[in-house]
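Chain and residue survey
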Amino acid sequence: HVQLVESGGGLVLAGGSLRLSCAASGLTFSRYSMCWSRQSPGNEREFVAAISGSGGNTYYPDSVKGRLTISRDNAKNTVYLQMNRLRPEDTAVYYCAADSGSSWYLGWDRNYDYWGQGTQVTVSS
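Here we summarise the structure given alongside this text. Bear in mind the structure is a predicted one, so any value in this text is a computation, not a measurement. (Residues numbered from 1 in each chain as written. Predicted model: local features only at pLDDT ≥ 70, side-chain atom pairs only at ≥ 80, totals over all residues. Heavy atoms only, no water.)

1. What about unusual backbone geometry?
Put simply, the rule reads: Secondary structure follows DSSP: runs of H or I at least 4 residues long count as helices, runs of E at least 2 residues long count as strands, and numbering of each begins at the N terminus. Burial classes follow relative accessibility: with a 1.4 Å probe on protein chains only, a residue under 20% of its type's maximum area counts as buried, one over 50% as exposed, and anything between as partly exposed.
A positive phi is found at Asn77, a non-glycine position, where the angle reads about 55 degrees. Here Asn77 is to be found in the loop between strand E7 (68-73) and strand E8 (78-83). Of note in the backbone geometry, Arg85 takes a positive phi value of approximately 50 degrees without being a glycine. Assignment of secondary structure puts Arg85 in the loop between E8 and strand E9 (92-99). For Arg85, a relative accessible area of 48% puts it in the partly exposed group.

2. Describing the sheet that holds E8
Put simply, the rule reads: What makes two strands pair is DSSP finding at least two bridges between them. Lines are fitted to the C-alpha atoms to define the axes, a helix being fitted only along its stretch in contact, and any angle between axes, read from their N-to-C directions, falls within 0 to 180 degrees.
Spatial ordering of the open sheet is given by E1-E3-E8-E7, a layout of 4 strands whose pairing is antiparallel. In the strand order of this sheet, the two ends are held by strand E1 (3-7) and E7, each with one partner. Here the strands of the sheet are splayed against their neighbours by 15 degrees on average, with no regard to which way each runs.

3. Focus on the environment of Arg38
What counts is decided by this rule: Contacts between residues were defined by any pair of non-hydrogen atoms, one from each residue, lying within 4.5 Å. Polar contact is the term for a pair of N or O atoms within 3.5 Å; when the atoms are in protein, one must be able to donate a hydrogen and the other to accept it, and sequence-neighboring residues count only if both atoms are side-chain atoms.
Residue placement: Arg38 occurs in strand E4 (residues 33-39). Each C-alpha atom of the pair Arg38 and Pro61 lies 13 Å from the other, and the pair is 23 residues apart in sequence. Once residues within four sequence positions are removed from consideration, Arg38 is found in contact with Glu44, Arg45, Glu46, Val48, Val64, Glu89, Asp90, Ala92, Val93 and Tyr94. A distance of 2.9 Å separates the side chain of Arg38 from the side chain of Tyr94, its partner in a polar contact.

4. Focus: the nonpolar core
Using the following cut-off: Only buried residues count toward a nonpolar core, which is a set of Ala, Val, Leu, Ile, Met, Phe, Trp, Tyr and Cys residues joined through side-chain atoms within 4.5 Å.
Core analysis: the largest hydrophobic core is formed by 28 residues, its most contacted members being Met34, Trp36, Ile70, Val79, Leu81, Met83 and Tyr94. Every element with two or more residues in this core is listed here: strand E3 (18-25), E4, strand E5 (46-51), E7, E8, E9 and strand E11 (119-124). Ignoring sequence-local partners within four residues, the contact set of Tyr94 consists of Glu6, Leu20, Trp36, Ser37, Arg38, Leu81, Met83, Gly118, Thr119 and Val121. Phe47, Ala50, Trp104 and Tyr112 belong to the second largest nonpolar core, which has 6 residues in total.

5. Structural notes on the environment of Gly53
Following the sequence through the fold, Gly53 ends up in the loop between E5 and strand E6 (58-59). Through-space distance from the C-alpha of Gly53 to that of Ser102 is 8.0 Å; in sequence the pair is 49 residues apart. The residues contacting Gly53, other than those within four sequence positions of it, are Ser30, Tyr32, Ser33, Arg72 and Asn74.

This is how it looks when you write it as structure tokens:
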């Protein structure tokens with residue numbers, strides 16, 4: 001069965017950086033679009049980045065463009081989210097998700113079939 005396991009979250013000061021990882025198993029990884037979304041208490045889930053199966057294409061909403069970078073290593077079945085210049089409003093549980101289609105360009109995460117359990121990111125001021 002498909003399993004996605006996020007790691008790398010933690011507590012960081014505003015202005016700092018974190019790199020999240022998501023290890024995938026049970027799927028042909030390179031055939032899946034991958035995305036990262038986040039959710040903070042009382043808020044809806046927010047899509048923040050997506051990448052195509054090959055890794056050659058990415059998509060970011062304007063709210064995070066320039067600070068977050070998604071990448072993947074298909075040899076390691078892992079997708080990453082590099083987060084720089086973090087702000088307190090970036091505090092959330094971050095989830096990775098996989099889609100067997102080409103959803104990376106859509107700008108949302110509603111098509112994604114498989115989700116990880118999430119990793120907490122806390123940015124203190």
